[in-house]
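Coordinate analysis (summary)
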Amino acid sequence: MNLRAQEQQVRVAAAADLKFAMEELSAEFASKTGAKVDVTNGSSGNFFAQIRSGAPFDLFFSADMEYPKKLEAAGFAEPGTLYEYALGRIVIWTPANTEVDVPQQGWKALLDPRIQEIAIANPELAPYGRAAISALQKAGIYERVKKKLVYGENISQAAQFVQSGNAQAGIIALSLARSPGMRAGKVWEIPADMHPPIEQGAMVLKTAKNKSTALAFLNFVRSGAGRTILEKQGFAVPSNN
């Protein structure tokens, strides 16, 4: 992974569920190469629109495969760079001091009258929001809780709603539930078969300014070290990665 001696920088548009994983990936990559990785976190849908409008990112790490595939079809991807880097997981999360026993009750916890608001990501913009809706429907409780739902622009904002007390529970990414500020909370992992797989895709953009550095970072994420970080941060890594 030899890069030129002068400092190089790549700009990454990364789904909100990657906030803490990207911090670790970026730091590890920088320590190995000296290259700076500038990460912006947000909703995949917003990044999709921004990239189509010419936003100056070098890489896109989406929370699904559909947005990257659409960009690739429209000619925005560096050929041959799109791949599935992770599978996301969703959980029901409440603060540690909540009286509702989420780990024991699972879905029933969301029906408890003490849970008045349930934060999820906006399903129109965020794949994690779509997965949450799908899981609620499969659990047979969507109609009973839909009036409780409050929407964050992305999964990170949904998590903040619960942390701040603006919602009493949230359906959030496991990767955020494991973050330093949330790992003390109560968690119930939603079975993976209750929603479509959250297949997450990454790509180098055709307009990348530092293409060699962008490719090097993508290859680092694909490497054993990168995969280990993703798994530690709450992601499953596809076996064909």
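Residues numbered from 1 in each chain as written. Predicted model: local features only at pLDDT ≥ 70, side-chain atom pairs only at ≥ 80, totals over all residues. Heavy atoms only, no water.

Ranked by size, the top nonpolar core spans 73 residues in total, and within it Phe61, Trp107, Leu110, Ile171 and Phe217 carry the most contacts. If sequence neighbours within four positions are ignored, Leu110 has contacts with Ile92, Ile115, Ile118, Leu136, Ile141, Val145, Lys148, Ala169 and Ile171. Listed in part, the 14 residues of the second largest apolar core include Phe47, Phe57, Phe60 and Leu205. (Core = buried A, V, L, I, M, F, W, Y, C linked by side-chain atoms within 4.5 Å. Buried < 20%, exposed > 50% of the residue type's maximum accessible area, 1.4 Å probe, protein only. Contact = heavy atoms within 4.5 Å.)

Running from N to C, helix 1 (residues 19-33) and helix 9 (residues 211-222) point in directions that differ by 115 degrees, and their axes come no closer than 11 Å. When you trace helix 1 past helix 9, the crossing you get is right-handed. Of the residues in helix 9, those touching helix 1 at Met22, Leu25, Ser26, Glu28, Phe29 and Lys32 are Thr213, Ala216, Phe217, Phe220 and Val221. (Axes fitted to C-alpha atoms, helices over the stretch in contact; angles between N-to-C directions. Helix = DSSP H or I, 4+ residues; strand = E, 2+ residues; numbered from the N terminus. Left-handed = near helix turned anticlockwise from the far one by under 90°.)

What follows covers the sheet that holds strand 4 (residues 83-88). The sheet built from 5 strands is open, its strands ordered 2-1-3-10-4 with mixed pairing. Single-partner strands in this sheet number two, and they are strand 2 (36-42) and strand 4. Within this sheet the neighbouring strands show an average axis-to-axis angle of 20 degrees, counted without direction. The sheet contact formed by strand 1 (residues 9-15) and strand 2 spans 7 bridges and is parallel. Along strand 2, the bridge assignment pairs Val12 with Val39. (Pairing = 2+ DSSP bridges.)

The strand order across the open sheet formed by 5 strands is 7-6-8-5-9, and the pairing between neighbours is mixed. Here the strands that pair on one side only, and so sit at the sheet edges, are strand 7 (149-152) and strand 9 (186-189). When the angles between neighbouring strand axes are averaged without regard to direction, this sheet yields 30 degrees.

With respect to the helices and strands, Thr94 occurs in strand 5 (residues 90-94). Of the residues examined, Thr94 reaches a relative accessible area of 1% and is grouped as buried. Here Thr94 is in contact with Val102, Gln168, Ala169, Gly185 and Lys186, once residues within four sequence places are set aside.

A word on the pattern of salt bridges. As enumerated under the stated definition, the model contains 8 salt bridges in all. Its salt-bridge partner being Glu23, residue Lys19 comes within 3.5 Å of it at the nearest N-O pair. Highlighted residues: Lys19 and Glu23, both in helix 1, separated by 4 residues, approximately one helical turn. A relative accessible area of 31% places Lys19 in the partly exposed class. Taking relative accessible area as the criterion, Glu23 reaches 44% and is therefore assigned partly exposed. Between Arg114 and Glu99 there is a salt bridge whose closest N-O contact spans 3.1 Å. One end of the pair, Arg114, is in the loop between helix 4 (102-105) and strand 6 (118-121); the other, Glu99, is in the loop between strand 5 and helix 4, with 15 residues separating them in the sequence. (Salt bridge = Lys/Arg side-chain N within 4 Å of Asp/Glu carboxyl O.)

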